[in-house]
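# Summary of the model geometry
Below, each chain spelled out in residue letters.
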Amino acid sequence: MKIDLSLEKNFLDNAEKQALARGLYDIPIVDADCHYMGTPMNVIAEYVEEPYRSRLRVHSNGSKHIYVDLGDRTMAGRMKSIPLFVRSKLPEGEIMPKEIYPLLQSSQKMAIDYNIVFPTDLLTLGVHPDSEIEVAIAYGFARWMTEEILPQNDAIKTMLYLPFSNPDACVKIVKEFGGKKGVVGFLVTSLRYQPAHHNSYMPLYKLLEDLGQPLAFHTVSHWMERPFQQLNRFLSAHALGFPLYNMIQATNLIINGIPERFPDLKFIFIEAGVSWIPFLMMRLDTDYLYRQSDAPFLTKKPSEYMKNFYFTSQPLEYTDNMGMMKEIFNMFDAENQLLYASDYPHQDFDTPASIYDIPFLSETAKRKILGENALKFFNITNPVLHAKIRREEALAAAARK
């Protein structure tokens, strides 16, 4: 079957028109959650030691996937972004890794200057039954990213995956890779069963706090989870799953006093939108008023800790009531705590215009959410307008032909 790639080209062309009309190429924009890059498990296998190298070679079977989320995020083929990603080819003479080129092309069209990349393929790795496999893949991925991908282009950054099933391995990865070029933090997938408040994670939290490296919790939906097996549509599992897992992780951290114990450790919660934030604030505050003995480490209301957390915008929920959205933004100080994310190329990706066009945001707030908050959060100094430079280079190259 011939795949029509015109729809994604239209998406990106429209995003470019939006960016030009709003002057977005002239301000720094950071995509705090970008997935537009494959994870070649057969390549990563070469970065791990035996016996896991052979096991990964067999498990991946030469493919790009090892543990696939259930459900159709391309809407039965009607969303064309992933086919274009898979089929993108390097221009003649280009020597960069093939995983990078389509990422830079899409970010250029959306006026995105920095991409914080995380691979979709690892989102459900946290529930893999073999902890040794999780550790092997995490270590192989860290080596592949820091040796082959990140040195290629300063616009690409990452928060490295941590194998949370093994706290000692997490510490080892942070110590070995925390200072590598392009590594701006570390990430735990929210879909997992290890309690984030367990004492075994305290050395990890202390290390990250001392290094000034943020810790992210990236959520996902997973239809095989027992509560979701009651749902007969992917839409249902997708809508509920993403906020649920982040709510579980945030609740465990807060109620068990982790932010109290590590006040300088920066937490960010990714890919659950924003509507769950006031819900969780109000629910935890209400129960805390009645049962403070259950949270003896807290010195203030749970919502006060959440106001120090960071969040990504995508998927920014649809509403025709901007007054309600304004109150949500005010509840968690979105101007200073929210980071723009595209989640490109998934079906519900958001262009920077999704933030810029919010009517109640000031120009200052728009700039903060689109880029300045992330630059500060990820310790990116002297930012470069990479998208503007790449666009001007592409226009100049086209003019020479």
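First, a word on what this report is: a plain description of the structure on this page. Computed from a predicted model, the values in this text were never measured in an experiment. (Residues numbered from 1 in each chain as written. Predicted model: local features only at pLDDT ≥ 70, side-chain atom pairs only at ≥ 80, totals over all residues. Heavy atoms only, no water.)

### Describing the overall build of the protein
The helix and strand inventory of the protein stands at 17 helices and eight strands. Within the protein, buried positions represent 55% of all 401 residues. A fraction of 81% describes how many contacts in the protein between residues 6 or more apart in sequence connect residues 24 or more apart. Split by element, the accessible area of the protein, about 17,900 Å² in all, is 53% carbon and sulfur. (Helix = DSSP H or I, 4+ residues; strand = E, 2+ residues; numbered from the N terminus. Buried < 20%, exposed > 50% of the residue type's maximum accessible area, 1.4 Å probe, protein only. Contact = heavy atoms within 4.5 Å. Areas by Shrake-Rupley, 256 points an atom, 1.4 Å probe, with all protein chains shown as cover.)

### As for the packing of aromatic side chains
Inspection of every chain in the model, using the stated rule, returns 23 aromatic pairs. Between F311 and F332, the ring centres sit 5.4 Å apart and the planes meet at 80°, which makes this aromatic pair edge-to-face. Of the two residues, F311 sits in strand β7 (residues 310–312) while F332 sits in the loop between α13 (322–331) and α14 (334–337), which places them 21 residues apart along the sequence. Assessed through its relative accessible area of 1%, F311 is described here as buried. Over the ring of Y305 we find K300; its NZ or CZ atom is 4.9 Å from the centre of that ring. It is K366 that lies over the ring of Y356; its NZ or CZ is 4.4 Å from the centre. (Phe/Tyr/Trp six-rings, centres within 6.5 Å; stacked < 30°, edge-to-face > 60°. Lys NZ or Arg CZ within 6 Å of the ring centre and 35° of its normal.)

### Brief notes about the packing of helix α7 (residues 167–177) against helix α8 (residues 202–211)
It is the contact of α7 with α8, at a shortest axis distance of 9 Å, that shows an interaxial angle of 15°. One finds that α7 runs roughly parallel with respect to α8. Note on packing geometry: the crossing formed by α7 with α8 is left-handed. Here C170, V171, V174 and K175 of α7 lie close against α8, whose contacting residues are P203, L204, L207, L208 and L211. Grouping the amino acids of the contact of α7 with α8 by side-chain chemistry returns eight nonpolar, no polar and one charged. (Axes fitted to C-alpha atoms, helices over the stretch in contact; angles between N-to-C directions. Parallel < 35°, antiparallel > 145°, perpendicular 65-115°, else oblique. Left-handed = near helix turned anticlockwise from the far one by under 90°. Nonpolar A, V, L, I, M, F, W, Y, C, P; charged D, E, K, R; others polar.)

### Some words on the pattern of salt bridges
Counting across every chain of the model gives 14 salt bridges. Residues D357 and R22 are paired through a salt bridge, measuring 2.8 Å at the closest nitrogen-oxygen approach. Of this pair, D357 sits in the loop between α15 (353–356) and α16 (363–377) while R22 sits in helix α1 (residues 6–22), placing them 335 residues apart in sequence. You can call D357 partly exposed: its relative accessible area is 41%. By relative accessible area, which is 25% here, R22 ends up partly exposed. One salt bridge in this structure joins E335 and K368, with 3.4 Å as the shortest N-O distance. Of this pair, E335 sits in helix α14 while K368 sits in helix α16; the two residues are 33 residues apart in sequence, bridging distant segments of the chain. Residue E335 is classed as partly exposed on the basis of its relative accessible area, which comes to 29%. For K368, a relative accessible area of 21% gives the class partly exposed. (Salt bridge = Lys/Arg side-chain N within 4 Å of Asp/Glu carboxyl O.)

### Side note on the nonpolar core
Among the nonpolar cores identified, the biggest contains 122 residues, and Y205, F329 and F378 are the most heavily contacted of them. Setting aside its immediate chain neighbours within four residues, Y205 contacts F164, A196, L215, L253, I258, F262 and L265. (Core = buried A, V, L, I, M, F, W, Y, C linked by side-chain atoms within 4.5 Å.)

### Considering empty space enclosed by the protein
Counted under the stated rule, the structure contains one cavity of 30 Å³ or more. Counted as a void, the largest cavity has a volume near 30 Å³. Along the wall of the largest cavity there are 11 residues; nearest its centre are C34, S106, M110, N115 and Y344. Looking at which element gives the most residues to the lining of the largest cavity, the answer is helix α5 (residues 101–109), with three residues. (1 Å grid on protein atoms, 1.4 Å probe; cavity = no way out; pocket = protein on both sides within 12 Å on 5 of 7 lines; lining within 4 Å. Points joined across faces, edges and corners; volume = space filled by probe spheres on them.)

### What about the pairing of strand β1 (residues 30–34)?
By the criterion of burial, β1 is predominantly enclosed, with five of the five residues buried. As paired strands, β1 and strand β2 (residues 114–117) are joined by three bridges and run parallel to one another. Bridged to V30 within β2 is Y114. (Pairing = 2+ DSSP bridges.)

### So, unusual backbone geometry
The omega angle of the peptide bond from E50 to P51 is 10°, so this bond is cis rather than trans. Summarising the element assignment, P51 is placed in the loop between α2 (41–44) and α3 (52–60). Backbone torsion omega between Q314 and P315 reads -5°, so that peptide bond is classified as cis. Summarising the element assignment, P315 is placed in the loop between β7 and α13. For A111, which is not a glycine, the phi torsion comes out positive at approximately 65°. Here A111 lies in the loop between α5 and β2. For A111, a relative accessible area of 0% puts it in the buried group. Backbone geometry places N382, a non-glycine residue, at a positive phi of 50°. Checked against the element boundaries, N382 lands in the loop between α16 and α17 (386–400).

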